[in-house]
Amino acid sequence: MTNKANILIVDDEVETVEMISFLLESQGYAVIPAYSGTEALEILQQGIQEPVERRSPIDLVILDVRMPDVDGHEICQAIKQDNHLKYIPVIMVTGLGSAEDTARGLAIGADDYVSKPFRAQELVARVKAMLRVRAMEQELLQHTRELAALNEINKAITSSLDLDQILSQAMHGIREILHVEAGSLLLLGEDNGLLEFKKILSGSQERIVGFRLKPGEGIAGHAVQKGGPLLVLDAQNDPRFCPRVDEAIGFVTRSVLCVPLKVKDKIIGAIEVINKLNGQFDENDLWLLNYMAGSVAIALENARLYTELSDFARELEKSQAQLVQAEKLAAMGRLAASIAHEINNPLQAIHNCLHLTLKKPLNEEKKNRYLGMAQEEVERLITIVQRMLEFYRPSKEGMAPTDVHTIIENVLTLSSKRLQHGKITVTKKLASDLPPISAVRDQLKQVFLNLVINAVEAMPQGGELRIETKLSGDEDGLSVAFTDTGVGLSEKEQENIFEPFFTTKATGTGLGLSVSYGIIERHGGRIKVQSELGKGATFTVHLPLNSTT
Ligand code: ADP
Ligand code: MG
């Protein structure tokens, strides 16, 4: 390339201007003369106002320090303080031995200086060096801009987990940065080994065509097969070029740069850029495309992992739901089986009694005995069914402010005969500051009655029943504990007592505790048991103070 740099020479001495012009023009530079500081500034400003393509920017300024109107230092300062001009190198021309001028010039940003009188070769050498530095600076600036754009696209691509969005953003970005007419992104089918065009960007149009290339077909096919980049400068005359896509979308491919997409050494596809708009594809383009391919591959891998992960999560959720469902069914099955079992026993007994009464000639007394037994069993059935209904009664109806102590007194009155009969002494330790809670009174009464009766039944030889109420500060609620000195419970029993129909009593239903448990749970509370076999048991009911009404 020839020296087409534009050099502005500013000097009030016409002879100096002519001499320097002659020197530089003989080296191929274009020279613009200015005979005063004011004129120089005008020329520089004019350059900026012209539209970019018609502008003939000044590439270098040679500036005399001593001038009558605006002196060289002022012009240098003006150039270096102007954002548009500050990158133009300035060579100052000073008088001989004027060290002071030199120092001042360098301080305000002059790039170099020569002192008069100077030799021709010296000036030319300095101009060349300056322009070389400037060219390098500009190349660097261009790279910096490219890198910034690259970084932007990179961020956009890698922050997305949506495949289509990644492909789209990648192709738009690549086209912008590489200045190409079209581009396409192909992915390798894992099962069939075909390269599929996932995105074709030509003009501002995005096309998704289901085109597929066989292994080794087309330029992309070749690049993938060889596992490295491929540059084809004359596609129409290249045997590797596959014209099918051109034909389908009405496009003419001239040059192609193609790089494979790799994830950990495994090729997953390729990116092609087609027809460079200014000039030919070069090494810089290859570097850029390779770099972009790297981030696209990472983004695609992330998207794939993400899809896999969310598929997995969905699967997991589904199987968990199935498990819960299965668990529910099993629980229902167990419940149904135990209900059937519970009902079957009395039914069998009734059946037998009726059978005996009807089929055998029996005397009145025996008949009555059998009928009496049947009656007892029917009553047992009625109790079971009633308990079961209570068990499933879900409503919260009847919630009212309830004084727990009143309920306790009530229950003790109800069971006073049994307590007395069972030789049981009752002691109470009631908290003085118990606030009313919101509860269904009858249900709470039922729970306490169950606990009292269980305690009585656990102390066949008599004993002590202790009832204690407390405000449990940390749990934001109150507790009612029923402690007896009865037979107690083994650990195994403690695990099962809240299950419906679990009973250790010959005539028990095994429903008292499970019904109570349900009731307390509906009140937002819990029942806990503490016991040691042979030493009695404590059943504690915890209830929240601010249970919803
Ligand atoms: P049921 O009283 O009809 O047996 P519950 O559900 O009320 O049914 O009680 C279940 C079982 O829990 C009882 O059969 C008994 O084994 C045990 N149990 C309950 N309360 C006590 C207690 N205070 N002391 C010892 N065992 C108890
Ligand atoms: Mg009971």
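Computed from a predicted structure; not experimentally measured.

Rules and cut-offs
- Residues numbered from 1 in each chain as written.
- Chains lettered and ligands numbered in written order.
- Predicted model: local features only at pLDDT ≥ 70, side-chain atom pairs only at ≥ 80, totals over all residues.
- Heavy atoms only, no water.
- Near = heavy atom within 4 Å.
- Polar contact = N/O pair within 3.5 Å; in protein donor to acceptor, adjacent residues only side chain to side chain.
- Areas by Shrake-Rupley, 256 points an atom, 1.4 Å probe, with all protein chains shown as cover.
- Helix = DSSP H or I, 4+ residues; strand = E, 2+ residues; numbered from the N terminus.
- Nonpolar A, V, L, I, M, F, W, Y, C, P; charged D, E, K, R; others polar.
- Buried < 20%, exposed > 50% of the residue type's maximum accessible area, 1.4 Å probe, protein only.
- Right-handed = clockwise from strand over helix to strand, strands pointing away.
- Arc of directions from axis to C-beta.
- Contact = heavy atoms within 4.5 Å.
- pLDDT = per-residue confidence, 0-100.
- Pairing = 2+ DSSP bridges.
- Axes fitted to C-alpha atoms, helices over the stretch in contact; angles between N-to-C directions.
- Domains from an automatic or database assignment.
- Salt bridge = Lys/Arg side-chain N within 4 Å of Asp/Glu carboxyl O.

Draft legend 1. Representation of the site of ligand 1. Around ligand 1, the structure places 19 residues, and the nearest of them are Asp 484, Thr 503, Thr 504, Lys 505 and Leu 513. At a separation of 2.9 Å, a nitrogen atom of ligand 1 approaches a polar side-chain atom of Asp 484. One of the side-chain N or O atoms of Thr 504 is found 2.5 Å from an oxygen atom in ligand 1. Relative to its free-state accessible area of 540 Å², ligand 1 is covered by the protein chains to the extent of 94%. Going through the elements one at a time, helix H13 (441-458) and helix H15 (512-522) are the ones with two or more residues in the shell around ligand 1. No other element matches H13, which puts four residues into the shell around ligand 1. Looking at the shell around ligand 1 residue by residue, the class counts come to eight nonpolar, eight polar and three charged.

Draft legend 2. Local environment of the pairing of strand E3 (residues 60-64). A large share of E3 lies buried, amounting to five of its five residues. Where burial is concerned, the two faces of E3 agree: the one with Leu 60, Ile 62 and Asp 64 and the one with Val 61 and Leu 63 are both buried. In this view, the connection linking E3 to its parallel neighbour strand E4 (residues 90-94) by way of helix H3 (residues 72-81) has right-handed handedness.

Draft legend 3. Representation of helix H11 (residues 404-414) within the structure. Within H11 the residues assigned to the buried category are Val 404, His 405, Ile 407, Ile 408, Val 411 and Leu 412. What you see down the axis of H11 is that its buried residues fit within an arc of 160°, all on one side. Among the exposed residues of H11, those pointing more than 90 degrees away from its buried face are Thr 413 and Leu 414.

Draft legend 4. Up close: the environment of Gly 525. Locating Gly 525 in the fold gives a position in the loop between H15 and strand E18 (526-531). Overall, Gly 525 belongs to the buried group, its relative accessible area being 12%. With 36 residues separating them along the chain, Gly 525 and Leu 489 place their C-alpha atoms 23 Å apart. Setting aside chain neighbours within four positions, we find Gly 525 in contact with Ile 520, His 542, Leu 543 and Pro 544.

Draft legend 5. How the structure looks around the confidence of the model for the chain. For the chain, per-residue confidence averages 85 on the pLDDT scale, and 92% of positions sit at 70 or higher. By mean pLDDT, the top-scoring element of the chain is strand E14 (residues 424-429) (97), and the lowest-scoring one is strand E8 (residues 205-207) (75).

Draft legend 6. Structural context of the sheet that holds strand E17 (residues 477-484). Taken together, five strands build an open sheet; the order of strands is E14-E16-E17-E19-E18 and the sheet is mixed. Both outer strands of the open sheet, E14 and E18, are each paired with one neighbouring strand and no more. Within this sheet the neighbouring strands show an average axis-to-axis angle of 15°, counted without direction. Packing of H11 onto the sheet brings it into contact with E14, strand E16 (463-472) and E17, and relative to E16 it is tilted by some 165°.

Draft legend 7. Main features of the domain arrangement of the chain. Domain parsing of the chain yields domain 1 (6-145), domain 2 (160-304) and domain 3 (398-549). Between the C-alpha centres of domain 1 and domain 2 the distance comes to 46 Å.

Draft legend 8. Summary view of the pattern of salt bridges. Within this structure, the stated rule accounts for 20 salt bridges. Between Arg 304 and Glu 301 there is a salt bridge, with the nearest N and O atoms lying 3.0 Å from each other. Here Arg 304 and its partner Glu 301 are both found in helix H9 (residues 283-359), three residues apart, which amounts to about one turn of the helix. With a relative accessible area of 36%, Arg 304 lands in the partly exposed category. For Glu 301, a relative accessible area of 16% translates into the label buried. Connected via shared salt-bridge partners are Glu 13, Asp 64 and Lys 116.

Draft legend 9. Representation of the pairing of E16 within the structure. Sheet topology note: the E14/E16 ladder contains six bridges and is parallel. Bridge pairing in E16 places Ile 424 opposite Gly 463. Taken together, the eight bridges between E16 and E17 define a ladder with antiparallel strand orientation. In the strand pairing of E17, Arg 466 is matched with Thr 483.

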